[in-house]
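Breakdown of the fold
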Amino acid sequence: MARVFDFDSAIVRVPAPSVVNGLSASGGEAPSYQGVLAEHRAYVTALEAAGVVVDILPALDAYPDAIFVEDPAFVLPEGAILLRPGAPTRIGEVAEIEPALKRHFDQVLTLPNGFADGGDILITPTEILIGLSARTDIAGAEAFVAQVERLGRRARIVETPAGTLHFKTASSLLSEDCVVATPALAATGVFAGLDVLVTPEGEEAGANLLRVNDTVLVGAAYPRMADLIAARGLDIVALDVSEIAKIDAGLSCMSLRWVRSTRA
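Residues numbered from 1 in each chain as written. Predicted model: local features only at pLDDT ≥ 70, side-chain atom pairs only at ≥ 80, totals over all residues. Heavy atoms only, no water.

**Brief notes about the overall build of the protein chain**
Applied cut-off: Counting from the N terminus, the helices are the DSSP runs of H or I reaching at least four residues and the strands are the DSSP runs of E reaching at least two. Accessible area is worked out with a 1.4 Å probe on protein chains only. A residue is then buried under 20% of its type maximum, exposed over 50%, and partly exposed in between. All accessibility values rest on the Shrake-Rupley procedure with a 1.4 Å probe; residue burial counts only the protein chains present in the view. Residues scored as charged are limited to Lys and Arg (positive) and Asp and Glu (negative), so that His and the chain ends carry no count. In plain terms, the charge of a residue is placed at NZ if it is Lys, CZ if Arg, CG if Asp and CD if Glu.
Along its length, the protein chain carries five helices and 15 strands. With the C-alpha coordinates of the protein chain rotated into their principal frame, the extents come out at 40 × 40 × 35 Å. Sorting the 264 residues of the protein chain into buried and exposed places 56% on the buried side. Counting every atom, the protein chain has about 10,700 Å² of accessible surface; 53% of that belongs to carbon and sulfur. Where the 20 positive side-chain charges of the protein chain centre and where its 34 negative ones centre are 4 Å apart.

**Side note on the nonpolar core**
This is how the line gets drawn: By convention a nonpolar core is built from buried Ala, Val, Leu, Ile, Met, Phe, Trp, Tyr and Cys residues, the set being connected through side-chain atoms within 4.5 Å. Whether two residues are in contact is decided by their heavy atoms, any of which lying within 4.5 Å being enough.
Membership of the largest hydrophobic core comes to 57 residues, with the highest contact counts inside it found for Tyr 43, Leu 47, Phe 74, Ile 128, Phe 144, Phe 191 and Leu 217. Other than its neighbours up to four places away in sequence, Leu 47 contacts Ala 10, Val 12, Val 52, Val 54, Leu 210, Val 212, Leu 217 and Ser 255. With 15 residues, the next largest nonpolar core counts Val 94, Ala 100, Val 108 and Trp 258 among its residues.

**So, the environment of Leu 82**
Of note, Leu 82 is situated in strand 4 (residues 79-82). Through-space distance from the C-alpha of Leu 82 to that of Val 94 is 6.4 Å; in sequence the pair is twelve residues apart. Not counting residues within four places of it along the chain, the set of residues in contact with Leu 82 comprises Pro 72, Val 94, Ile 97, Glu 98, Leu 101, Val 108, Leu 109, Thr 110 and Leu 111.

**Examining helix 3 (residues 138-150)**
Our working definition: Each residue after the first adds 1.5 Å to the expected span of a helix.
When the terminal C-alpha atoms of helix 3 are compared, their 19 Å separation across 13 residues agrees well with the 18 Å that a helix rising 1.5 Å per residue should span. Among the residues trailing helix 3, Gly 152 stands out with phi positive, at a value near 85°.

**Focus on the environment of Val 19**
Tracing the sequence through the fold places Val 19 in the loop between strand 1 (9-13) and helix 1 (33-49). With 45 residues separating them in the primary sequence, Val 19 and Pro 64 have C-alpha atoms 4.3 Å apart. If we skip the residues at most four places from it in the chain, Val 19 touches Pro 31, Tyr 33, Val 36, Pro 64, Ile 67 and Ile 247.

**Digging into the sheet that holds strand 13 (residues 215-219)**
Selection rule: When DSSP finds at least two bridges between two strands, those strands are taken to pair. Axis definition: a line fitted to C-alpha atoms, limited for helices to the stretch in contact. Angles are taken between N-to-C directions and run from 0 to 180 degrees.
With mixed pairing, three strands are arranged side by side in an open sheet as 12-13-14. What marks the edges here is a single partner per strand, and that holds for strand 12 (210-212) and strand 14 (235-239). Sheet twist, expressed as the mean angle between neighbouring strand axes with direction ignored, is 30°. Two elements, strand 12 and strand 13, share three bridges in a ladder whose sense is antiparallel. Bridge assignment links Leu 210 to a residue of strand 13, and that residue is Leu 217. The strands touched by helix 1 are strand 12, strand 13 and strand 14; relative to strand 14, the strand with the most contacts, the crossing angle is about 165°.

**Some details on the packing of aromatic side chains**
The cut-off we apply is this: Two aromatic rings, drawn from Phe, Tyr or Trp (for Trp, its six-membered ring), form a pair once their centres lie within 6.5 Å of each other, and the interplanar angle then sorts them: stacked below 30 degrees, edge-to-face above 60, tilted otherwise.
Within the structure shown, the criterion is met by three aromatic pairs. On the numbers, 5.1 Å between centres and 85° between planes, the contact of Phe 74 with Phe 144 is edge-to-face. Here Phe 74, found in strand 3 (residues 73-76), pairs with Phe 144, found in helix 3; they are 70 residues apart in sequence, far enough to count as distant. The pair Phe 74 / Phe 144 is uniform in exposure class, with both members buried. Ring centres 4.8 Å apart and planes at 50° place the aromatic pair Phe 105 and Trp 258 in the tilted group. A residue pair is termed long-range when its members are at least 10 positions apart, and Phe 105 in the loop between helix 2 (93-104) and strand 5 (108-110) and Trp 258 in strand 15 (residues 256-258) qualify at 153 residues. We classify Phe 105 as buried; its relative accessible area is 6%.

**Structural notes on the sheet that holds strand 10 (residues 178-181)**
Ordered by their spatial adjacency, three strands build an open sheet running 9-10-11, and the pairing between neighbours is mixed. The open sheet has two free edges, formed respectively by strand 9 (171-175) and strand 11 (195-198), since each of these has just one partner strand. Averaged over all pairs of adjacent strands, the angle between strand axes in this sheet comes to 30°, irrespective of strand direction. Strand direction decides the pairing type here: strand 9 and strand 10, joined by four bridges, are antiparallel.

So, to be careful, I would describe these as geometric facts and stop short of saying anything about function.
Written out as structure tokens, the structure reads:
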């Protein structure tokens, strides 16, 4: 039986020059295109080194945030769901990624109403959590739960802490019985029954890490977070995502990941 973080396949999209105009809640300095491109290439290399075959989609200059393929779609071994991003400028990304999903999945469902970003969805060994946020509303979350049930899984709607862009901005699955979470999210009790590894003070953004098979990708700017994970005997790959972070993103949102063989 595959673990939740066992992957052999992924979809990514090359960043377009327009990525410098990507959405940013901070309104700070824009990233450099060459910087984002270099960080994305290193990310793809890390996925491949971890044992994943990566389908690299072409850049979409009309959609500055299209590099973040995890938001317009959700994938499981059983099938895929086309989502409805909560940012108006990103709605068109759904139609753009649909052909790639149909190449890889026999069953591709759609979200009939509401809004839901993939960045608000966390898969755990027992259930799928979808967090309400500025990008995911209750109608979208309820529609997502219904579609997940069609794929034979169970999902639960939860709250994202105020001021947090996405549920996975503040959390990641580290192992089958452990999640990483910011202090604010950990305090909500949403992860009852799981071991919660709380991010060190000042490294809250390090909660958005990505486990791929037996490798954990961690932002290079969060060394104490990396040390906590390494202390658990896991292999760490530190990646620079400083340019990507300028447009409110991290490691999980740059790929859609799944394992071809379904669970036994």
